[in-house]
Amino acid sequence: MSRFNENYIHEITASLIKVISFLKSFGILPEEKKCLKCGYKASLAAHKSSFAWKCRARKCRCKSGMLTGTFFEKSKLPLQLLVRILYCWLRKSPVRMAADHLGVSSKSIVDWYQFLRDVCTWKLLQDPMLLGGPGKEVHIDENLLIRAKYNRGKNLAKKDRWAFGIYDCSEKVGYLTFVERRDAATLLPIIQQHVLPGTTIISDQQAAYQGIAEIPGMNFKHLSVTHSVNCVDQLSGVHNDAVKSMWKCCKRHFRVMNGTLAHKLPSHLDELMWRSKYGKDFDELFISCLGHIKEFQEAQRMEGAESAEMFPLREATNEEDSNLVPESHMDTLDTDLDKKNEHP
């Protein structure tokens, strides 16, 4: 049974305090921060109905939002609700179902699902798909993912969208990408970029694949099957059914969504690749997602993202006598938690 099940999510999102502790445990919320205005330590303390980072320097005392510099910074939704949306996305809950279940608009769910797919895209750029290797097999194939059904409907004016796929039979992960053309000049560079040297590649007998074994320096072994005759070659026993199973899963993903915008299609392929690479089971997927969100927000901070700045919420007073506030007088998170528990 999965550790991160619906009961677990319901428990950790029962209060803001529990969500803060949960996100701290995964490093998405830091234990402490430095004030970018004066460089002194800032602590998480109660502020109105939520929490905020407060600088401990008496002459500064600037505050910034609790989510400043994090993946969730610009959201106006409660933090508990954001964690529930993340869980729904990981569980592949359809947009309307998640919106009805959580009591938010479908637009909010669509936006946050896309933000999470952006993390998938970023992670795959940092850690590109490399499939196969000596003694391993990969199956390759192309598939028409978007077309006008029965040659009718509004999609007739749009181009067909072909995708190219590579599936690693040993690791059970795949690479997917949309392609404009299905010729050797387009497909062979993709194979060279994402398949490791010494791999056995199995395909159909499309003309574009005939040069696979001649790619310099890759030492590929190329086997093929004639689908017009048999699905499995009668002499060698080779087939590429595994990649066809990947296409089936891909089409099921789009069917459940009931359509999407054309410019978002590549990010959906990134999501499918990310799930196959980092989630052998749901617990692994959940932990990977939170870990990659942490990496993503740290990368944004390193790039000097505007979200990392601490914006003062009030001006410092001129009546303080010393520079620093004694730590015992700080409204730290622990003290505030005790007060909240005493006065629910």
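Above this text you will find the structure in question.
Conventions adopted
- Residues numbered from 1 in each chain as written.
- Predicted model: local features only at pLDDT ≥ 70, side-chain atom pairs only at ≥ 80, totals over all residues.
- Heavy atoms only, no water.
- Axes fitted to C-alpha atoms, helices over the stretch in contact; angles between N-to-C directions.
- Helix = DSSP H or I, 4+ residues; strand = E, 2+ residues; numbered from the N terminus.
- Parallel < 35°, antiparallel > 145°, perpendicular 65-115°, else oblique.
- Left-handed = near helix turned anticlockwise from the far one by under 90°.
- Contact = heavy atoms within 4.5 Å.
- Expected span 1.5 Å × (residues − 1).
- Buried < 20%, exposed > 50% of the residue type's maximum accessible area, 1.4 Å probe, protein only.
- Arc of directions from axis to C-beta.
- Polar contact = N/O pair within 3.5 Å; in protein donor to acceptor, adjacent residues only side chain to side chain.

To continue, consider the packing of helix α7 (residues 241–257) against helix α8 (residues 265–278). At a minimum axis separation of 11 Å, α7 and α8 run at an interaxial angle of 125°. Between α7 and α8, the angle is such that the two are oblique. The chirality of how α7 crosses α8 is right-handed. Together, Cys250, His253, Phe254 and Met257 of α7 and Leu265, His268, Leu269, Glu271 and Leu272 of α8 make up the contact between the two elements.

Glancing now at α7. The end-to-end C-alpha separation of α7 is 25 Å, in line with the 24 Å expected for 17 residues at 1.5 Å each. Regarding α7, the residues found buried are Ala242, Val243, Met246, Trp247, Cys250, His253 and Phe254. Projected down its long axis, α7 shows its buried positions confined to an angular sector of 150°, all on one face. Set apart from the buried face of α7 by more than 90 degrees, the exposed residues are Lys248 and Arg255. For α7, the secondary structure elements touched by its buried residues are β5 (137–146), β6 (161–168), β7 (173–179) and α8. Of the residues trailing α7, Asn258 is marked for its positive phi of about 60°.

On to the side chain of Arg117, then. Topologically, Arg117 is positioned in helix α5 (residues 106–126). A distance of 2.7 Å separates the side chain of Arg117 from the side chain of Gln114, its partner in a polar contact. Beyond its immediate sequence surroundings of up to four residues, Arg117 is in contact with Trp89, Ser267, His268 and Glu271.

Don't take any of this as a statement about function, it's just geometry.
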